[in-house]
Amino acid sequence: MAQIAILERKCARCGLCAQSCPFGAIDLRDGLPTINEACRACGACVRACPQGAVLRLEARAQSVDKSQWRDILVFAEVSGGRLHPVALELIGKARELAAPLGYAVKVALIGSGMEPYARELQHYGPSEIAVYDDPALEGFRADVYAACLEDHIRAARPCVVLIGATSLGRSLAPRLATRFRTGLTADCTRLLLRENSDLVQIRPAFGGNIMAQIVTTRTRPQFATVRYKVMDAPMRMDAPAGEIVRRALPAGVASSRAVCVRSESLPQKRSISDAEILVVGGRGLRREADLALVRELAAALRGDWAVTRPLVEKGWVANDRQIGLSGRTVRPKLIITCGVSGAIQFTSCMDSSEHIVAINTDPDAPIFAVAHIAITGDLYKIVPALLELLKEAMA
């Protein structure tokens, strides 16, 4: 971890470093700054010092013997009274990655009342399911979950840890990577495992303009988060397999200062990520009222509707209907895009759809590169024509 150090021989005792610290982590003793336990090593004091007397020191993690770290661990999230389906997708991908190296696929479950979920996971092929099950784990507390998963990782020593890129997973994964002083790649779209056990983590970068390949070569475990609907879930097996191992709570649970005062269940909202049929409106829509065309076509197909980022930025639609890097990843059986140009920020989050139909006036629109059916023309003529054909077919 980073630390702040003071070079006394350079210090002019001006006190600017203490004034700049947002955490009150610098005490002045006879004008000389000293760093207290509140320091977060943010670097504000380094930038404020005119003498260069304040330094931010980075501690590099030591290399590990990679042969001592084997297998792939999947964190299976349970929230809202259900097993999040991204866990099954991660198990499917873990099995694919593990097979060539002879690795086992293991799962970790954390919460209260985990027995039914552990039994269900046995039907998806993991060799072991480690369960932390206790009333003290009711409700998500980041430090408590991190303490449990850290405890299991230190015992199991997995080479790779996969976590869903959900709100819970995005809170948990960086805490774990920091505790192990290792790498974490967020929102991966592809994963490859080399023969030397290095995980190639592929994700969009620079606003989606390139696909970066990120590798953690010196440390273990390798952490990656993956969005829902990016990987394939395995088929459910009739016969259960894999051992359920019940683990004792680590000390970090009892020492947590986080307390759940009250919890309230929000009504479950249908996500566009779960839709089998989607109609998407893009920048080609001229007015907010024209979204009615998109909604009408979606209704006629008994599907759902979504938009691209420009329409969210205009305030026409809430973010929960946006497809893209800053929205949702989708994988429907059929997706029809209307007036969508096809920037990589959008296409990287929908190009695994089974059937892609694109409508655009520009014959060179990037969306046509991923479309299975490309329709060059005005959506204001094509969508009404499609609606008429659907009405005739259902008459």
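Bear in mind the structure is a predicted one, so any value in this text is a computation, not a measurement.

Asks: Would you mind going over the packing of helix 8 (residues 291-300) against helix 11 (residues 379-394) with me for this structure?
Replies: Packed helices, taken two at a time, are described by the angle their axes make and the gap between the axes. The geometry of helix 8 relative to helix 11 is characterised by a closest axis approach of 10 Å and an angle of 25° between their N-to-C directions. Classified by the angle between their axes, helix 8 and helix 11 sit roughly parallel to one another. The chirality of how helix 8 crosses helix 11 is left-handed. Here helix 8 contributes L293, E296, L297 and A300 to the contact with helix 11, which in turn contributes L379, Y380, V383, P384, L386, L387, L390, K391 and M394. For the contact of helix 8 with helix 11, the residue count by class is 11 nonpolar, no polar and two charged.

Asks: I would appreciate a short explanation of the sheet that holds strand 18 (residues 304-307) in the present structure.
Replies: Two strands in a sheet stick together by hydrogen bonds in their backbones, pointing the same way (parallel) or opposite ways (antiparallel). With parallel pairing, the five strands of this open sheet are ordered in space as 18-17-19-20-21. A strand with exactly one partner marks an edge of an open sheet, and here the two such strands are strand 18 and strand 21 (373-376). The mean angle between the axes of side-by-side strands here comes to 15°, regardless of whether they run parallel or antiparallel. Two elements, strand 17 (residues 277-281) and strand 19 (residues 334-338), share five bridges in a ladder whose sense is parallel. Among the inter-strand pairings, I277 is bridged to a residue of strand 19, identified as L334. Taken strand by strand, helix 8 contacts strand 17, strand 18 and strand 19, and its axis lies near 145° from that of strand 18. Here helix 11 sits on the sheet and contacts strand 19, strand 20 (355-360) and strand 21; the angle it forms with strand 20, its principal contact strand, is near 135°.

Asks: Would you explain the packing of helix 5 (residues 142-156) against helix 6 (residues 167-180) in this entry?
Replies: Remark: helix 5 packs on helix 6, axes separated minimally by 9 Å, with the N-to-C direction vectors making an angle of 50°. Considered as vectors, helix 5 and helix 6 are oriented oblique to each other. Note on packing geometry: the crossing formed by helix 5 with helix 6 is right-handed. On helix 6, the residues that touch A142, D143, Y145, A146, A147, L149, E150, I153 and R154 of helix 5 are S171, L172, R175, L176, R179 and F180. Its residues assigned to classes, the contact of helix 5 with helix 6 shows nine nonpolar, one polar and five charged.

Asks: Is there a simple way to think about the nonpolar core in this case?
Replies: Side chains that are nonpolar tend, in soluble globular proteins, to be buried together. If you look at the biggest cluster of nonpolar residues, it comprises 37 residues, and the most contacted ones within it are I72, L83, L109, L121, I129, L162 and L191. Elements represented by at least two residues in this core include exactly strand 5 (72-76), helix 3 (86-98), strand 8 (105-111), helix 4 (115-121), strand 9 (128-133), strand 10 (160-164), strand 12 (190-193) and strand 15 (222-226). No other element matches the eight residues that helix 3 contributes to this core. Not counting residues up to four positions away in its chain, the partners in contact with I72 are A94, L97, A98, Y103, A104, V105, K106, V160, L162 and L193.

Asks: In this structure, what is going on with helix 6? I would like to understand it.
Replies: Think of an α-helix as 3.6 residues a turn; residues three or four steps apart then line up on the same face. Listed in full, the buried residues belonging to helix 6 are L168, G169, S171, L172, A173, L176, A177 and F180. For helix 6, the elements touching its buried residues are strand 5, helix 5, strand 10, strand 11 (184-188) and strand 15. One or two residues past the end of helix 6 sits R181, with phi positive at roughly 50°.

Asks: What exactly am I supposed to notice about unusual backbone geometry here?
Replies: Negative phi characterises most residues that are not glycine, and trans characterises most peptide bonds. With an omega dihedral of 0°, the bond running from R220 to P221 counts as a cis peptide bond. Tracing the sequence through the fold places P221 in the loop between strand 14 (210-215) and strand 15. The phi dihedral of A41 is positive, around 55°, even though this residue is not glycine. Note that A41 resides in the loop between strand 3 (32-35) and helix 2 (44-48). Its relative accessible area of 6% is what places A41 among the buried residues. Even without being a glycine, R157 presents a positive backbone phi close to 50°. Here R157 is to be found in the loop between helix 5 and strand 10.

Conventions and cut-offs
- Every chain is numbered on its own, with residues counted from 1 as its sequence reads.
- For this predicted model, a pLDDT threshold of at least 70 governs which residues receive local features, and a threshold of 80 or more governs which side-chain atom pairs are given and counted, while totals over whole chains, interfaces and linings are taken from all residues.
- Side-chain numbers come from the whole structure's heavy atoms, not from hydrogens or water.
- Helix axes use the C-alpha atoms of the stretch in contact, all axes being lines fitted to C-alpha atoms, and the angles between their N-to-C directions lie in the range 0 to 180 degrees.
- To qualify as a helix, a DSSP run of H or I must reach at least 4 residues; to qualify as a strand, a run of E must reach at least 2; elements of each kind are numbered from the N terminus.
- Comment on the angle field: the value is read as roughly parallel under 35 degrees, roughly antiparallel over 145, roughly perpendicular from 65 to 115, and oblique elsewhere.
- Two helices crossing with the near one rotated counterclockwise from the far one by less than a right angle form a left-handed crossing, whereas a clockwise rotation gives a right-handed crossing.
- Contact criterion: two residues are considered in contact whenever any of their non-hydrogen atoms come within 4.5 Å of each other.
- Residues are grouped as follows: nonpolar covers Ala, Val, Leu, Ile, Met, Phe, Trp, Tyr, Cys and Pro; charged covers Asp, Glu, Lys and Arg; every other residue, Gly included, is treated as polar.
- Two strands make a pair as long as DSSP finds a minimum of two bridges between them.
- Grouping buried Ala, Val, Leu, Ile, Met, Phe, Trp, Tyr and Cys residues that are joined through side-chain atoms within 4.5 Å yields what is termed a nonpolar core.
- Relative accessible area decides the class of each residue, using a 1.4 Å probe on protein chains only: under 20% of the type maximum gives buried, over 50% gives exposed, and in between gives partly exposed.

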